[in-house]
Amino acid sequence: MAKIRVCMYENVDEVVFKSSIYPKRLPAILKGIAIGHCKQKWNKEYLKKVIGKNEVKVHVCKTPQMDFIRKNFIYKTLTFDDFIERASSEKHHEYFLSEDEKYYLRSLGEDPRKDVSNFHQLFPTLSNDLKEPKLFDSESFFSSVLRIGSPGVQLWTHYDVMDNILIQVNGRKRVVLFSPKDALNLYLVGDKSEVIDIDNPDYTKYPLFKNATWHECLLEPGDVLFIPALWFHNVTSLDFGVAVNVFWRHLDPSAYDHKDVYGNKDPLAATRAIQIADRAIKTLHELPDDYRDFYARRIIGKIQSKACSQF
Ligand SMILES: O=C(O)CCC(=O)C(=O)O
């Protein structure tokens, strides 16, 4: 399996980002960007004191590898201070599943079914501590998400349809990214990969995973990772960590599903194309097996030659 290190850039400003990094559509680590006082301030005690008894809904999992497809975790509501205490400890006096269970918070909108997460509105007492790097036009803003996890937590490989900067405030993370061109090597179910244990994959079940190229990086406190839309990412927290990520639109607003609150619903034209493909598959099943196979191959060839840039 080929491995590539994600490119690193120092002291990037908006002009450099927009002219030389953003157009490449490759992940990039931006070092030395001013993100405000959060890096010094957001330790466990400060977070507990400042947010206190506000309630948050969190993922709780027996094992570090969280698996959304097989849902190996539960959702629980905790007060923020209790959540921080648990997420920053390896063993727990009070627990839901096991004494070494793992916790993960992804902030949700005011009404999680209708609203996007906006970090500054949801956590006004933390808002002034974080200066979001200005790397895109404000009218393209989609959402900002607070993410806090236990040491060891590994988030399943997935893609988002928005451009994204992941601002790692404290704690370190390993991030493995895969290009959108590797989509067929990742055994997708919707926007998520079925291959959960990417370090020890079951090659008898997932032989094509060998062909995927890893783009790997280590995020340290203060680092900002640019994750272009459609790039798959798998994130492992090496320490108790706090991050905020900001999503923004790459395409015209009319391209997106207006009901999307997570930034992961496929663009409208892609959804329509997938529905048409589902109808084509159903129609092919009206044919005898050998005819179905023949016409399926012809349709695949047509899509490859007319809609894929390279195969
Ligand atoms: O940092 C994390 O915990 C996950 C980040 C992520 O999935 C994202 O920014 O889309």
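This structure is a prediction, so every number in the text was calculated from the model and none was measured.

How should I be thinking about the layout of surface pockets in this particular structure?
A water-sized probe, rolled over the atoms, reveals where empty space remains. Its volume calculated, the largest pocket comes out at about 2,300 Å³. Residue lining of the largest pocket: 50 residues in total, with P180, A183, L184, I274 and C308 positioned closest to the centre. Only α7 (268–284) and α8 (289–307) provide two or more residues apiece to the lining of the largest pocket. Classifying every residue of the lining of the largest pocket gives 31 nonpolar, nine polar and 10 charged. Counting contributing residues per domain, the lining of the largest pocket is built from domain 1 (3–255) and domain 2 (268–307), each supplying no fewer than three. Its volume calculated, the second largest pocket comes out at about 470 Å³. What lines the second largest pocket is a set of 17 residues, and nearest its centre among them are H59, F68, R106, W156 and Y262. Of all the secondary-structure elements, those providing two or more residues to the lining of the second largest pocket are β4 (55–61), β6 (102–106) and β8 (154–158). It is β8 that contributes the most residues to the lining of the second largest pocket, three residues altogether. Here the lining of the second largest pocket is built from residues that sort into eight nonpolar, three polar and six charged.

Please clarify how the sheet that holds strand β14 (residues 224–227) should be interpreted in this entry.
Pairing between the strands of a sheet comes from backbone hydrogen bonds, and it takes one of two forms, parallel or antiparallel. Read across the open sheet, the nine strands follow the order β2-β3-β14-β9-β16-β7-β6-β4-β5; overall the sheet is mixed. The open sheet terminates on both sides in strands that have one partner only, identified here as β2 (7–10) and β5 (73–79). Across the sheet, the mean angle separating the axes of adjacent strands is 25° when strand polarity is ignored. Where strand β9 (residues 163–170) meets β14, four bridges bridge the pair, whose relative direction is antiparallel. Within the sheet, the bridge partner assigned to L166 lies in β14 and is L225. Packing of helix α4 (residues 80–87) onto the sheet brings it into contact with β4, β5, β6 and β7 (141–149), and relative to β5 it is tilted by some 125°.

Explain the site of the ligand to me, please; I cannot follow it from the model alone.
Taken together, the neighbourhood of the ligand is formed by Y104, R147, L155, H158, D160, N164, L166, K173, H233, V235, N245 and F247. H233 places a side-chain nitrogen or oxygen 3.0 Å from an oxygen atom of the ligand. Protein chains bury 100% of the 300 Å² of accessible surface belonging to the ligand in isolation. Contributing elements (two or more residues each) for the shell around the ligand: β8, β9, β15 (232–237) and β16 (241–248). Class assignment of the residues belonging to the shell around the ligand gives a composition of five nonpolar, four polar and three charged.

The rules behind these values
Residues numbered from 1 in each chain as written. Predicted model: local features only at pLDDT ≥ 70, side-chain atom pairs only at ≥ 80, totals over all residues. Heavy atoms only, no water. 1 Å grid on protein atoms, 1.4 Å probe; cavity = no way out; pocket = protein on both sides within 12 Å on 5 of 7 lines; lining within 4 Å. Points joined across faces, edges and corners; volume = space filled by probe spheres on them. Helix = DSSP H or I, 4+ residues; strand = E, 2+ residues; numbered from the N terminus. Nonpolar A, V, L, I, M, F, W, Y, C, P; charged D, E, K, R; others polar. Domains from an automatic or database assignment. Pairing = 2+ DSSP bridges. Axes fitted to C-alpha atoms, helices over the stretch in contact; angles between N-to-C directions. Contact = heavy atoms within 4.5 Å. Near = heavy atom within 4 Å. Polar contact = N/O pair within 3.5 Å; in protein donor to acceptor, adjacent residues only side chain to side chain. Areas by Shrake-Rupley, 256 points an atom, 1.4 Å probe, with all protein chains shown as cover.

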